[in-house]
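# Summary of the model geometry
Given next are the chains, with one letter for each unit.
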Amino acid sequence: DIVSIVQWSSGSAIILDSRAVSGPNDATLLLKINSLVTSGSTDLHEGLMAAYELAVKNRALGRMSRGMLISDGGANTGITDDQLIASMAADSESEGIYLTGVGVGDGYNDTLMDNVTDKGKGAYVFVDSLDEADRLFGDEHSFVSLVDIAARDVRLSVALPPGWYMEKFHGE
């Protein structure tokens, strides 16, 4: 796998740039992950832009590209409109970049995380404890079930019986 890490607060910083990791215990990757800290404000838009630029740079045919957003779902600096931020992830089918969200922290904004990950053709989970983190990420099968793509470009056709009509649709 090729891994990049972007951290942001009032600006963004590339912590790890396009590293081909040796496996789950890659020393450099673990060092970079363990160095991450929270601080300051959240310019989520700038962080997503930097992350998507790296994902596009590393995109290759036959390989899935994924982004993982670990956040409290806050956006209080820079562009803070949920829909505009979500639009950064909107072209996942043609780009082949799928966004998974991991919500953490007090004051978690599930609306923003839902918008962003929905546009990025991914899901999000909320991790409220170390036990929950271990359950979700503790073994490769749990992690893969969180980020794996079961099917792409699925279409569904519904033929309603005579006299039936659809009053409201809730979906994409």
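Calculation criteria
Residues numbered from 1 in each chain as written. Predicted model: local features only at pLDDT ≥ 70, side-chain atom pairs only at ≥ 80, totals over all residues. Heavy atoms only, no water. Helix = DSSP H or I, 4+ residues; strand = E, 2+ residues; numbered from the N terminus. Contact = heavy atoms within 4.5 Å. Areas by Shrake-Rupley, 256 points an atom, 1.4 Å probe, with all protein chains shown as cover. Pairing = 2+ DSSP bridges. Axes fitted to C-alpha atoms, helices over the stretch in contact; angles between N-to-C directions. pLDDT = per-residue confidence, 0-100. Patch = residues over 30% accessible without salt bridge, like charges linked within 9 Å, V, L, I, M, F, W, Y side chains within 5 Å. Salt bridge = Lys/Arg side-chain N within 4 Å of Asp/Glu carboxyl O. Buried < 20%, exposed > 50% of the residue type's maximum accessible area, 1.4 Å probe, protein only. Right-handed = clockwise from strand over helix to strand, strands pointing away. Phe/Tyr/Trp six-rings, centres within 6.5 Å; stacked < 30°, edge-to-face > 60°.

## Remarks on the overall build of the protein
Each helix and strand in the protein was counted, giving seven helices and five strands. Overall, the protein shows an N-to-C arrangement of helices and strands of β-β-α-α-β-α-α-β-α-β-α-α. Long-range contacts, defined as pairs at least 24 residues apart, comprise 64% of the intrachain contacts of the protein with a sequence gap of at least 6. Approximately 11,100 Å² of the protein is accessible, and the part contributed by carbon and sulfur atoms is 52%.

## Let's talk about the sheet that holds strand β3 (residues 65–71)
If you walk across this open sheet you meet the three strands as β3-β4-β5, and the pairing is parallel. Bordering the open sheet on either side are β3 and β5 (124–126), each of which pairs with just one other strand. For this sheet, the mean angle separating the axes of adjacent strands, direction not counted, is 15°. When β3 meets strand β4 (residues 97–103), the two strands line up parallel, connected through seven bridges.

## Some thoughts on the confidence of the model for the protein
Averaged over the protein, the pLDDT score is 81; the fraction of residues at 70 or greater is 88%. Confidence, read as mean pLDDT per element, is least for helix α4 (residues 92–95) in the protein (62) and greatest for helix α1 (residues 27–34) (92).

## Digging into the pairing of strand β1 (residues 2–8)
Examined bridge by bridge, β1 and strand β2 (residues 12–20) share six bridges and lie antiparallel to one another. Along β2, the bridge assignment pairs Trp 8 with Ser 12. Where β1 folds back on β2, the antiparallel hairpin that results is connected by three residues.

## Re a nonpolar patch on the surface
There is a patch of nonpolar side chains on the surface, built from Leu 156, Val 158, Leu 160, Trp 164, Met 166 and Phe 169 and spanning about 740 Å² of accessible area. Position of Leu 160 among the secondary structure elements: in the segment after α7 (140–147).

## Examining unusual backbone geometry
Positive phi outside glycine occurs at Ser 18, with the angle close to 55°. If you trace the backbone, Ser 18 turns up in strand β2. What makes Ser 18 partly exposed here is its relative accessible area of 22%.

## What to know about the pairing of β4
With seven of its seven residues buried, β4 lies for the most part within the structure. On β4, burial covers both faces: Ile 97, Leu 99, Gly 101 and Gly 103 on one face and Tyr 98, Thr 100 and Val 102 on the other are all buried. Pairing geometry for β4 and β5, over three bridges, is parallel. Its bridge partner lying in β5, Gly 101 is registered against Tyr 124. Once the chain exits β4 it traverses helix α5 (residues 110–119) before rejoining the sheet at β5, and the crossover so formed is right-handed.

## Overview of the pattern of salt bridges
Summed over all chains, the structure comprises three salt bridges. Between Asp 17 and Lys 57 there is a salt bridge, and its shortest N-O distance comes to 2.9 Å. With Asp 17 in strand β2 and Lys 57 in helix α2 (residues 44–57), this pair connects stretches of sequence that are 40 residues apart.

## Things to note about the packing of aromatic side chains
If you walk through the whole model with that rule in mind, you get two aromatic pairs. Between the aromatic rings of Tyr 108 and Tyr 124, the centroid separation amounts to 6.2 Å while the plane-to-plane angle is 45°, which identifies the pairing as tilted. One end of the pair, Tyr 108, is in the loop between β4 and α5; the other, Tyr 124, is in strand β5, with 16 residues separating them in the sequence. On the accessibility criterion, Tyr 124 (26% relative accessible area) is partly exposed.

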